[in-house]
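Observations on the model geometry
Chain residues, written in single-letter form:
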Amino acid sequence: MENMVRLIEPLIPALRRYARGLLRDRAAADDLVQDCLERAIGRWHQRRADGDPRTWIFTILHNLAMTRLQRTAHRPRHIGLDEADASGLAVSARQEDGLRYRELLAKLAQLPDEQRTVLLLVTVEELSYAETAKVLNIPVGTVMSRLSRARDRLLRMMSDEARPQPGRPHLRSVK
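Residues numbered from 1 in each chain as written. Predicted model: local features only at pLDDT ≥ 70, side-chain atom pairs only at ≥ 80, totals over all residues. Heavy atoms only, no water.

1. Looking at the overall build of the chain
Heads up, the rule is: Secondary structure elements are taken from DSSP: a helix is a run of H or I of four residues or more, a strand is a run of E of two residues or more, and numbering for both begins at the N terminus. When accessible area is computed with a 1.4 Å probe and restricted to protein chains, residues below 20% of their type maximum are described as buried, those above 50% as exposed, and intermediate ones as partly exposed. Any two residues whose heavy atoms approach within 4.5 Å at even a single point are treated as in contact. The Shrake-Rupley method, run with a 1.4 Å probe sphere, supplies the accessible areas, and residue values consider only the shown protein chains as cover.
On a plain count of helices and strands, the chain comes out with nine helices and zero strands. Out of the 175 residues in the chain, the part that is buried amounts to 32%. Nonlocal contacts in the chain, meaning residues at least 24 apart in sequence, comprise 65% of its contacts between residues at least 6 apart. Approximately 12400 Å² of the chain is accessible, and the part contributed by carbon and sulfur atoms is 51%.

2. Focus on the environment of Leu136
With respect to the secondary-structure elements, Leu136 resides in helix α8 (residues 129–136). Note: C-alpha distance between Leu136 and Ile60 (76 residues apart in sequence) is 9.9 Å. With residues near it in sequence (within four places) discarded, Leu136 still touches Tyr18, His62, Thr117, Val118 and Leu121.

3. Some details on the packing of aromatic side chains
Quick note on the threshold: Aromatic pairs are defined between Phe, Tyr and Trp rings, using the six-membered ring for Trp, whenever the two ring centres lie within 6.5 Å; interplanar angles under 30 degrees are classed as stacked, those over 60 as edge-to-face, and all others as tilted. By definition, being over a ring means that NZ of Lys or CZ of Arg is both within 6 Å of the ring centre and within 35 degrees of the ring normal.
A complete count under the given rule lists two aromatic pairs for this structure. Measuring from ring centre to ring centre gives 5.8 Å for Trp44 and Trp56, while their planes differ by 75 degrees; the resulting arrangement is edge-to-face. Separated by twelve residues along the polypeptide, Trp44 in the loop between α3 (26–42) and α4 (53–72) and Trp56 in helix α4 bring together distant segments of the chain. Just above the ring of Trp44 sits the side chain of Arg47; from NZ or CZ to the centre is 4.2 Å.

4. Points about the pattern of salt bridges
Here the idea is simple: oppositely charged side chains can pair when their charged atoms come close. The cut-off we apply is this: A pairing counts as a salt bridge when a side-chain nitrogen of Lys or Arg comes within 4 Å of a carboxyl oxygen of Asp or Glu.
Following the criterion strictly, the structure yields four salt bridges and no others. With a shortest N-O distance of 1.9 Å, Asp35 and Arg68 are connected by a salt bridge. Pair noted here: Asp35 is in helix α3 and Arg68 is in helix α4, with a separation of 33 residues, a long-range link. Assessed through its relative accessible area of 29%, Asp35 is described here as partly exposed. The shortest N-O distance in the salt bridge between Arg116 and Asp113 comes to 2.5 Å. With a gap of three residues between them, Arg116 and Asp113 both fall in helix α7 (residues 113–124), about one helical turn apart. With a relative accessible area of 3%, Arg116 lands in the buried category.

5. Describing the packing of α8 against helix α9 (residues 140–158)
Cut-off, in case you're wondering: Interaxial angle, 0 to 180 degrees, is taken between N-to-C directions of lines fitted to C-alpha atoms, where a helix line uses only the stretch in contact. Note on terminology: angles under 35 degrees are roughly parallel, angles over 145 are roughly antiparallel, angles of 65 to 115 are roughly perpendicular, and the others are oblique. In this classification, the charged set is Asp, Glu, Lys and Arg, the nonpolar set is Ala, Val, Leu, Ile, Met, Phe, Trp, Tyr, Cys and Pro, and all remaining amino acids, among them Gly, are polar.
Between α8 and α9, the shortest axis-to-axis distance is 8 Å and the interhelical angle comes to 100 degrees. In terms of axis orientation, α8 runs roughly perpendicular to α9. Residues Tyr129, Ala130, Thr132 and Ala133 of α8 form the contact with α9, whose own contacting residues are Val140, Val143, Met144, Leu147 and Arg151. Along the lines of polarity and charge, the residues of the contact of α8 with α9 split into seven nonpolar, one polar and one charged.

6. Digging into α8
Owing to its 3.6 residues per turn, the α-helix brings residues three or four apart onto one side. As a reminder, the rule being used: This arc describes the spread of directions from the helix axis toward the C-beta atoms.
Looking only at α8, the buried set comprises Thr132, Ala133, Val135 and Leu136. Considered in projection along α8, the buried side chains sweep an arc of 160 degrees and stay on one side of the axis. Check the buried side of α8 and you find it contacts α2 (12–23), α4, α7 and α9. Immediately beyond the C-terminal end of α8, within one or two residues, lies Asn137, with a positive phi of roughly 60 degrees.

See below:
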């Protein structure tokens, strides 16, 4: 039991970051992490003793998140005024860093799910390509391809050159 707690406890902040990146909602992410930890503790005996518990737990979290996203994809989100989190009602920061951060989060949300999950696991959670491949149950080459496409797409969306200027036609170079 002590061994399990010693292995799981340091992973909680990373699990929360990944869950927030996937769900983009603090309360839902906390609930997801709670469900993930309950499942990991309840099924601790089912994990491979020679396997990495980090990738095993991230796999559980990822699978739970994908199930939740699929369930809620077709339902509109409703939040009552009394249930609204005060941080959601706060005025956004006026500093440039705050604006760029929000722009990055918005552009990150526009990435396809498969690209966003790979980008978050590799860049934010610092999982290796092999660990990311295990979590997502895909080949390492697919991880590298999705990561490359996600980085390129995010760079294009964030750069000023990718935005067509109002009143000017958007031209592309043809080789």
